[in-house]
Amino acid sequence: MNASTIVIVGAGQAGALAAAELRQQGYAGRVVLIGEETHAPYERPPLSKDLLLQPQTARCAIHGEGYYAEHNIELKLGVAVTALDAQARVVVLANGESIAFDALLLATGARVRRLPMLDALGERVYTLRTLEDAQRLLPVLEPSKRVLLVGAGVIGLELASSAVDLGAQVTVIEQAPRAMARCAPPLLAGHLCNVHRARGVRLHLGSPLASAARENSELVLTLEDGTRITGDAVIYGIGVEPETTLAQAAGLRVDNGIAIDAQCRTSHMHIYAAGDAASQWDEASGRHQRRETWENANRQAQTAARAMLGVETEAWEAAWFWTDQCGLNIQFAGDMAAPEWLVRGSLEAPPCVLFGLDGEGALVGAITVNQGRDMRSAKALIGKRARIARETLADPAQNLRNLAREFA
Ligand SMILES: Cc1cc2nc3c(=O)[nH]c(=O)nc-3n(C[C@H](O)[C@H](O)[C@H](O)COP(=O)(O)OP(=O)(O)OC[C@H]3O[C@@H](n4cnc5c(N)ncnc54)[C@H](O)[C@@H]3O)c2cc1C
């Protein structure tokens, strides 16, 4: 393998981490990392948070400036891969270059789901996925600007929080009856909505958009119940779609993302996929699952790189992600659809921890609010599907680390 070529398509979180892991594991062959964006690989989480709040000081590069050259990683930026011939094991770049590979990683991420009704408004309608998108938002999120945010998912609410911090007047419109419906239990989502409202955000939940119009210098959104909301700018975040164009055209299996196994291998034995673009076989649920989180991109990148080299990866802990909004650091692990949730402490007065139990009382999910130090123990307990008395779980006097030790 050391005289071979590994090509990575997509120079984002998963692509950069996979390249680094190959070198970390001692791979001495050629590594080519190709990205259509012009920036060296960067982290996206700061785009909705620090980069808006402290644009002068926020940093988001994944590796330092000299890293790629020092590690002999050929970084080709500002050029897309336009074709993949899986049989011949060749990728073709937009500049006409062809590169043959022994193994390939597709780390192509995801693209914003478009809402044509809003796009048709033209100027002053924004979405957020890239560094340029975030930079475009800076002059929009200003004191007294009326910002209409469509979508109350994680990114929508993080943007609402940052916009309020920057002095904007914020209205959030969500068609589902609750916020963060895909990733947080109703108890937490409801509480977060109250926190946003207390900070001045106007929230319209269960409110599908009926129409969007431009009236003189104002943007007007009309809800299905007839409510008209006017603003200076519209930002929408209604989810993303996995970038599977190359995989699909090459005949790889795609199932809400590029289908991969536990080793991140696609339906072609020399092609792997990782990150937002990939949907991984999940034994427990018996289906492919796609995760759009920073940790998932890192984990799958590491797994794929190691699998290419025949190196084993340790078993995964419970899936984890976080959000920062309204001064709260909220970390999530395990199953957010757990039917029962217990609170240790009080949501109204964080720090606190929420525990999710399945129908048999086993711990399957946990959420820490300004209490990240409990996350490691919570993940360990979820890994064991620990059964712990409800009174013990809910008692802040019980040390979670000691409980985790008991189940180790
Ligand atoms: C604003 C924002 C905030 C977030 N906050 C959090 C958070 O707080 N916590 C959390 O857990 N997660 C967060 N995430 C999610 C996290 O950033 C993503 O899950 C992660 O970036 C996925 O990494 P990836 O490598 O799969 O995709 P990406 O980072 O999107 O990288 C994919 C790259 O591939 C490139 N590409 C695509 N097709 C081609 C092609 N044909 N040729 C060449 N290049 C190509 C793209 O241009 C892109 O640069 C956030 C995401 C966003 C957008």
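Note that this is a predicted model, so its numbers are computed, not measured.

Around the ligand sit 34 residues in total, of which Ala14, Glu37, Lys49, Arg129 and Asp276 are the nearest. Thr293 places a polar main-chain atom, nitrogen or oxygen, 3.2 Å from an oxygen atom of the ligand. Protein contact buries 94% of the 1000 Å² of open area that the ligand shows by itself. Elements with a minimum of two residues in the shell around the ligand: helix 1 (13-24), strand 2 (30-35), helix 6 (154-165), helix 9 (294-309) and strand 22 (320-325). Partitioning the shell around the ligand into residue classes produces 16 nonpolar, 9 polar and 9 charged.

The domain boundaries assigned to the chain delineate domain 1 (5-111 + 240-309), domain 2 (114-236) and domain 3 (327-406). Taking only C-alpha atoms into account, the centre of domain 1 sits 33 Å from that of domain 3.

A few words on the pattern of salt bridges. All chains considered together, the criterion is met by 26 salt bridges. Each of the salt bridges in this network shares a partner with another, and the network as a whole consists of Glu295, Arg299, Glu317 and Lys379.

A separate point is the packing of helix 10 (residues 375-383) against helix 12 (residues 400-407). For the pair helix 10 and helix 12, interaxial distance at closest approach is 9 Å and the crossing angle is 30°. What the angle tells us is that helix 10 and helix 12 run roughly parallel. For helix 10 against helix 12, the interelement crossing comes out left-handed. Counting all contacts with helix 10, which are made through Ser377, Ala378, Ala380 and Leu381, the residues of helix 12 involved are Leu400, Arg401, Leu403, Ala404 and Phe407. Its residues assigned to classes, the contact of helix 10 with helix 12 comprises 7 nonpolar, 1 polar and 1 charged.

Here we take up the environment of Ala404. Mapped onto the elements of the fold, Ala404 is located in helix 12. When the C-alpha atoms of Ala404 and Ala386 are compared, they prove to be 8.8 Å apart, with 18 residues separating the residues in sequence.

This part takes up the nonpolar core. Counting 51 residues, the largest nonpolar core has Val7, Ile8, Val91, Leu104, Leu105 and Leu106 as the members making the most contacts within it. Apart from residues lying up to four places away in sequence, Leu105 is in contact with Val7, Ile8, Val9, Ala14, Ala18, Tyr272, Ala273, Ala274, Ala304 and Met308. Membership of the second largest hydrophobic core comes to 49 residues, among which are Leu128, Leu141, Leu149 and Leu157.

Rules and cut-offs
Residues numbered from 1 in each chain as written. Predicted model: local features only at pLDDT ≥ 70, side-chain atom pairs only at ≥ 80, totals over all residues. Heavy atoms only, no water. Near = heavy atom within 4 Å. Polar contact = N/O pair within 3.5 Å; in protein donor to acceptor, adjacent residues only side chain to side chain. Areas by Shrake-Rupley, 256 points an atom, 1.4 Å probe, with all protein chains shown as cover. Helix = DSSP H or I, 4+ residues; strand = E, 2+ residues; numbered from the N terminus. Nonpolar A, V, L, I, M, F, W, Y, C, P; charged D, E, K, R; others polar. Domains from an automatic or database assignment. Salt bridge = Lys/Arg side-chain N within 4 Å of Asp/Glu carboxyl O. Axes fitted to C-alpha atoms, helices over the stretch in contact; angles between N-to-C directions. Parallel < 35°, antiparallel > 145°, perpendicular 65-115°, else oblique. Left-handed = near helix turned anticlockwise from the far one by under 90°. Contact = heavy atoms within 4.5 Å. Core = buried A, V, L, I, M, F, W, Y, C linked by side-chain atoms within 4.5 Å. Buried < 20%, exposed > 50% of the residue type's maximum accessible area, 1.4 Å probe, protein only.

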